[in-house]
Amino acid sequence: MLSDDMKERMDHIFHVNSSSSQVLWNEGGTFRWEELPTVVQLSPVSKTLVRDFNKDGFPDILLAGNDHSYDISTGYYDANKGLLLMSKDGVAFEQILSPAESGLVLSGMVESLLYVEGEEPVIVAGMNRDSVLTYKVNR
């Protein structure tokens, strides 16, 4: 939270034009926003991992999040069980893998997400008020 003193010293006013989840592409010094697919917009995304999961030379994104901090009248925002946006044939995010397809199920409010390199890489997800989940990455 910003103190009144800090607010008085601010030089910029920012406006939000969209609350959708988007990716920002760097295209040789120019930047382009791209809204992520509709299935991503169903629940808050707060954690991401950008890796080349399928080893095709293009980035893939693991998206996680959810939010359980709202009051009883609104309920939980928890439709995101972990989505994997895969590039395919050089096209970014051509394939969206659901938890049933990827084997990665992140039910709950994801507080941290980590990719650990090694002989057998793992994804570690810290869940709010729950256990830490680990998933072996198949190569």
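See above for the structure.
Residues numbered from 1 in each chain as written. Predicted model: local features only at pLDDT ≥ 70, side-chain atom pairs only at ≥ 80, totals over all residues. Heavy atoms only, no water.

A.B. asks: Before we go on, may I ask you to explain the sheet that holds strand S3 (residues 45-51) in this structure?
C.D. replies: To summarise the sheet geometry, strands pair through backbone hydrogen bonds and adopt either a parallel or an antiparallel arrangement. The strand order across the open sheet built from 4 strands is S3-S4-S5-S6, with neighbouring strands paired in antiparallel fashion. Here the strands that pair on one side only, and so sit at the sheet edges, are S3 and strand S6 (91-97). Sheet twist, expressed as the average angle between the axes of neighbouring strands with direction ignored, equals 25°. Note that strand S4 (residues 60-65) and strand S5 (residues 83-88) share 3 bridges and pair antiparallel. (Pairing = 2+ DSSP bridges. Helix = DSSP H or I, 4+ residues; strand = E, 2+ residues; numbered from the N terminus. Axes fitted to C-alpha atoms, helices over the stretch in contact; angles between N-to-C directions.)

A.B. asks: Would you take a moment to explain the packing of aromatic side chains for this structure?
C.D. replies: Note on aromatic pairs: each is described by the distance of the centres and the angle between the planes. Applying the stated criterion to the full structure yields 2 aromatic pairs. Measuring from ring centre to ring centre gives 6.0 Å for Phe-53 and Tyr-115, while their planes differ by 70°; the resulting arrangement is edge-to-face. On the criterion of sequence distance, the pair formed by Phe-53 in the loop between S3 and S4 and Tyr-115 in strand S7 (residues 110-116) is long-range, its members being 62 residues apart. With a relative accessible area of 15%, Tyr-115 lands in the buried category. (Phe/Tyr/Trp six-rings, centres within 6.5 Å; stacked < 30°, edge-to-face > 60°. Buried < 20%, exposed > 50% of the residue type's maximum accessible area, 1.4 Å probe, protein only.)

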